[in-house]
Amino acid sequence: MHGELFAILRGYSGLSSPNKLVFPPLIPPEELHDFFINKILLNQHLHRYPPSDQYQRRFWKWAIERLEAISPDENEDFELDPRIYEHYLGLLPSQSLGPSTTEYRSQKCGQGIAPEQKPPSQSYITHYWNPQPTNPDNVSSYLTATLLESRTTIESGTTGLRTWLASFVLSQYLIFHPELISSKRILDLGSGVGFLGIIIASLQHISKPGAVWLTDINDVVLARCRDNVSLPCNLSSCHPNVNYRILDWSASLEEDRLPALEFLLRDEIDPELVVGADTVFDPLLVPALIGTIKLALQPRGYLVSDSPKLALMALTMRKEETMAKFLDHAQSAGLLVVDLAFEFDRTPFLETVEGNKSDVRIFQIRLV
């Protein structure tokens, strides 16, 4: 597939704003037409896990306008497949349809149509990612990570039903460093809808599976995480040892609940690597988070190990005071924190995510 067409496919699958997509000016009309029909409209994966109707309306309006703009003088035999029109019209609210399809086609696509305004609905979103980061131009080497997630900041009283920037950055870091997770026991704190879990479980399946523990305090979020990681289209669904647990960090600060948390973290899970993304957004949660990380990093039975446990936390800089509080509490708890440098300028996920990678920092944490 031509790289410019693959960029459109990735943008559509990842719900990129159509205004950010580039319509290739030099690709022959017949090839463009075949791409929109066979790679998007009739794509079996996107048919089973489709973007929301709201997004599809915007995308197909964009695509039709540009396909119709191809000069008829230079391409007299080029005609848009009626299936494209029919699909777009089927996405429109009933009150927005004109008297007939024929009359609609005689107008410029979308003129005079104002679909009803509603909050963004939940949507499947598919990210293309390459487990061979040294060969990003090889389209055939890309895998997909598909999730059902919210398109609003808060839904059902939680921010955990969508994927946030730090998850994409940490995922890309692990793609570049698969040795950090190969055959390891991994604990993910605040797993959300499961994007990081999908990448970790997929990378382990490619190399050597260990055990993956995905945790969250919200049972609705954790159920969505399980559903997404288990989607048969995701390689993570083939991992033989993915576990899900409700985990309340505040138990690390409460004497009566501490023993149960210690047993879970040190005896049942016994992680070799602890990961977390965008976990420091509320300063009130920092002490509990640090307490949980410290417990998870304790060696089982307090035995000395040649390979000490590590944590990798990807945190988005929103307020300097909150980040400073996290670092201060970590130091006070006897944790050594190292700010890691990135080896990559971008990730394939950032094409479909708002935010600046430079706002995210990855910290390596271990016991002093």
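Every value quoted in this text rests on a predicted model; they were computed, and no experiment measured them.

### Notes on the packing of aromatic side chains
In step 1: Throughout the structure, instances matching the rule amount to 16 aromatic pairs.
In step 2: A ring pair is formed by Phe35 and Phe36, whose centres lie 5.2 Å apart and whose planes are at 75°; its orientation type is edge-to-face. Comparing Phe35 with Phe36, the two get one shared label, buried.
In step 3: Taking 6.3 Å as the distance between ring centres and 45° as the angle between the ring planes, the aromatic pair formed by Phe326 and Phe363 counts as tilted. Here Phe363 lies in strand β9 (residues 360-367) and Phe326 lies in helix α12 (residues 320-332), a separation of 37 residues in the sequence. Across the pair, Phe363 and Phe326 agree in class, each one buried.

### Thoughts on the packing of helix α2 (residues 29-41) against helix α4 (residues 53-68)
In step 1: Across the interface, α2 lies against α4 with an axial gap of 11 Å and an inter-helix angle of 160°. Comparing their axes, α4 and α2 come out roughly antiparallel. Viewed along their axes, α2 and α4 form a crossing whose handedness is left-handed. Of the residues in α4, those in contact with Leu32, Phe36, Ile40 and Leu41 of α2 are Phe59, Trp60, Trp62, Ala63 and Leu67.

### Re the environment of Ser250
In step 1: In this fold, Ser250 is placed in the loop between β5 (242-246) and α10 (258-269).
In step 2: Sequence separation of Ser250 and Thr292 is 42 residues, and the distance between their C-alpha atoms is 8.0 Å.
In step 3: Residues contacting Ser250, with those up to four places away along its chain left out, are Arg257 and Ala288.

### Observations concerning the pairing of strand β6 (residues 273-277)
In step 1: By the criterion of burial, β6 is predominantly enclosed, with five of the five residues buried.
In step 2: Judged by which residues are buried, β6 turns out to be covered on both faces: Leu273, Val275 and Ala277 on one side and Val274 and Gly276 on the other are all buried.
In step 3: Of the pairings in the sheet, the one linking strand β3 (residues 185-189) to β6 comprises four bridges and is parallel in character. Following the sheet pairing, Ile186 is matched in β6 by Leu273.
In step 4: Strand direction decides the pairing type here: β6 and strand β7 (residues 310-316), joined by five bridges, are parallel. Within β7, the residue paired with Val274 across the bridge is Ala311.

### Let's talk about the pattern of salt bridges
In step 1: Across all of its chains, the model carries ten salt bridges by this definition.
In step 2: Between Arg257 and Asp248 there is a salt bridge whose closest N-O contact spans 2.9 Å.
In step 3: Note that Arg257 is salt-bridged to Glu254, the shortest N-O span being 2.9 Å.
In step 4: On the accessibility criterion, Arg257 (28% relative accessible area) is partly exposed.
In step 5: Classification of Glu254 by relative accessible area gives partly exposed; the value is 30%.
In step 6: Each of Lys61, Glu65 and Arg66 takes part in salt bridges that share partners, so that together they form one network.

### Some thoughts on the nonpolar core
Within soluble globular proteins, side chains that are nonpolar generally end up buried alongside one another.
In step 1: Phe36, Ile40, Phe59, Trp60, Leu67 and Leu312 are the most contacted members of the largest nonpolar core, which totals 74 residues.
In step 2: Residues lining this core come from more than one domain, with at least three contributed by each of domain 1 (3-91) and domain 2 (154-367).
In step 3: Leaving out residues up to four positions away in the same chain, Ile40 has contacts with Ile8, Leu9, Tyr12, Phe35, Leu46, Phe59 and Trp60.
In step 4: Listed in part, the 31 residues of the second largest apolar core include Leu189, Ile293, Leu297 and Ile365.

### Observations regarding the sheet that holds β9
In step 1: Judged by pairing direction, the sheet is mixed, and its seven strands sit side by side in the order β5-β4-β3-β6-β7-β9-β8 without closing on themselves. Strands at the two margins of the open sheet, each flanked by one partner only, are β5 and β8 (335-340). When strand polarity is set aside, the average angle formed by the axes of neighbouring strands in this sheet is 20°.
In step 2: Here six bridges tie β7 to β9, and the two strands are oriented antiparallel to one another. Paired with Ala311 across the bridge in β9 is Ile365.
In step 3: Strands β4 (211-216) and β5 of the sheet are contacted by helix α9 (residues 219-229), whose axis makes an angle of about 170° with β5.

### Some words on unusual backbone geometry
In step 1: Notably, Ser183 is not glycine yet its phi reads approximately 65°, a positive angle.
In step 2: For Ser183, the location among the structural elements is in the loop between α7 (165-176) and β3.
In step 3: One non-glycine residue, Asp270, lies in positive phi territory at about 45°.
In step 4: Relative to the elements of secondary structure, Asp270 occurs in the loop between α10 and β6.

### Notes on the confidence of the model for the protein
In step 1: Scored by pLDDT, the protein comes out at a mean of 87, with 83% of its residues at no less than 70.
In step 2: For the stretch residues 99-116, pLDDT sits under 50, and the model shows 27 contacts to residues farther than four places along the chain or on other chains.

Conventions and cut-offs
- Along each chain, the written sequence defines residue order, and numbers are assigned to residues from 1.
- Totals for whole chains, interfaces and linings use every residue, but because this is a predicted model, local features are given only for residues with pLDDT of at least 70 and side-chain atom pairs only at 80 or more, for both listing and counting.
- Excluding hydrogens and water, the side-chain figures rest on all heavy atoms present in the structure.
- Aromatic rings from Phe, Tyr and Trp, taking only the six-membered ring of Trp, are treated as a pair when their centres fall within 6.5 Å; an angle between ring planes under 30 degrees marks them as stacked, one over 60 as edge-to-face, and anything in between as tilted.
- Here the term buried applies to any residue with accessible area under 20% of the maximum for its type, exposed to any over 50%, and partly exposed to those in between, with areas from a 1.4 Å probe on protein chains only.
- Numbering goes from the N terminus for both helices and strands, where a helix is a DSSP run of H or I of at least four residues and a strand is a run of E of at least two.
- Inter-axis angles, ranging from 0 to 180 degrees, are taken between N-to-C directions of lines fitted to C-alpha atoms, where helices are fitted over the stretch in contact.
- Note that the term roughly parallel is reserved for angles under 35 degrees, roughly antiparallel for angles over 145, roughly perpendicular for angles of 65 to 115, and oblique for everything else.
- It is the rotation of the near helix from the far one that decides the hand of a crossing: anticlockwise by less than a right angle makes it left-handed, clockwise makes it right-handed.
- When checking whether two residues touch, look at their non-hydrogen atoms; a contact exists if any pair is within 4.5 Å.
- Strand pairing is assigned whenever DSSP identifies at least 2 bridges connecting the two strands.
- Here, a salt bridge means any side-chain nitrogen of Lys or Arg that lies within 4 Å of a carboxyl oxygen of Asp or Glu.
- By nonpolar core is meant a set of buried Ala, Val, Leu, Ile, Met, Phe, Trp, Tyr and Cys residues that side-chain atoms within 4.5 Å join together.
- These domain limits were set by an automatic method or by a database of domain assignments.
- Per-residue confidence from the prediction method is given by pLDDT, with values spanning 0 to 100.

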